[in-house]
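Close look at the chain arrangement
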Amino acid sequence: MSRTLYAEVGVGWLALVWGPLFAVLGAVAELATGGPVHTVAWILVGIALVALTLPWVYARRRFLSLEVTTAGLRQGREQLEAARIAEVTDVGPPVGARVLGGGWTVPRKYDELPVKLDDGTVVLAWARDVEALRAALAELAALNRPEKDS
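What comes next concerns the included structure. (Residues numbered from 1 in each chain as written. Predicted model: local features only at pLDDT ≥ 70, side-chain atom pairs only at ≥ 80, totals over all residues. Heavy atoms only, no water.)

**Section: the environment of Gly19**
Mapped onto the elements, Gly19 comes out in helix 1 (residues 18-32). In this structure Gly19 comes out as buried when scored by relative accessible area, which is 5%. For the pair Gly19 and Leu73, spaced 54 residues apart in the sequence, the C-alpha separation amounts to 34 Å. Apart from residues lying up to four places away in sequence, Gly19 is in contact with Gly46 and Leu49. (Helix = DSSP H or I, 4+ residues; strand = E, 2+ residues; numbered from the N terminus. Buried < 20%, exposed > 50% of the residue type's maximum accessible area, 1.4 Å probe, protein only. Contact = heavy atoms within 4.5 Å.)

**What about the sheet that holds strand 7 (residues 111-117)?**
One open sheet accounts for four strands, arranged 5-7-8-6; its pairing is mixed. Single-partner strands in this sheet number two, and they are strand 5 (85-87) and strand 6 (98-99). Relative to strand 8 (residues 122-127), strand 7 runs antiparallel, the two being bridged by six bridges. Paired with Asp111 across the bridge in strand 8 is Ala127. Sheet strands touched by helix 3 (residues 130-144): strand 5, strand 7 and strand 8. Its angle to strand 7, the strand with the most contacts, is close to 15°. (Pairing = 2+ DSSP bridges. Axes fitted to C-alpha atoms, helices over the stretch in contact; angles between N-to-C directions.)

**What to know about the packing of helix 1 against helix 2 (residues 39-63)**
Where helix 1 contacts helix 2, the two axes come as close as 7 Å, and the packing angle between them is 155°. With respect to helix 2, the axis of helix 1 lies roughly antiparallel. Regarding helix 1 and helix 2, the two cross each other, and that crossing is right-handed. In this structure, helix 1 uses Trp18, Gly19, Pro20, Phe22, Ala23, Gly26, Ala27 and Glu30 to contact helix 2, whose residues at the interface are Trp42, Val45, Gly46, Leu49, Val50 and Trp56. In terms of residue class, the contact of helix 1 with helix 2 is built from ten nonpolar, three polar and one charged. (Parallel < 35°, antiparallel > 145°, perpendicular 65-115°, else oblique. Left-handed = near helix turned anticlockwise from the far one by under 90°. Nonpolar A, V, L, I, M, F, W, Y, C, P; charged D, E, K, R; others polar.)

Shown next as structure tokens:
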């Protein structure tokens, strides 16, 4: 059983409430101005906004979420085994380093964290709270580091 050390979701499901909330506010504005309230139209607007928001929420949850467990690191669609992570501190990002998660670049509003793998290559992990990610990956690397004989 793997234990979660750190996790970020791309966006919460609460974002789906924005559309219906906008529709309710529109209906209340019509009611407050004394005009006719177009209830059916506002219900359809609320449903349409949820229908437009649902793929956005799904995509952000799928491609911009990350999780560090004792089994490894999952960034977006990519899984990296814990044994592959060699070092996360004092690693310089080389030009053209591969970004984890399947993208060409680190997503907007996310910070990058260079991670050295067991084969010597450096990849770029990313997170909103890169220091928390660094701490979780350092703990993960320490858990999987073989004990040295003294």
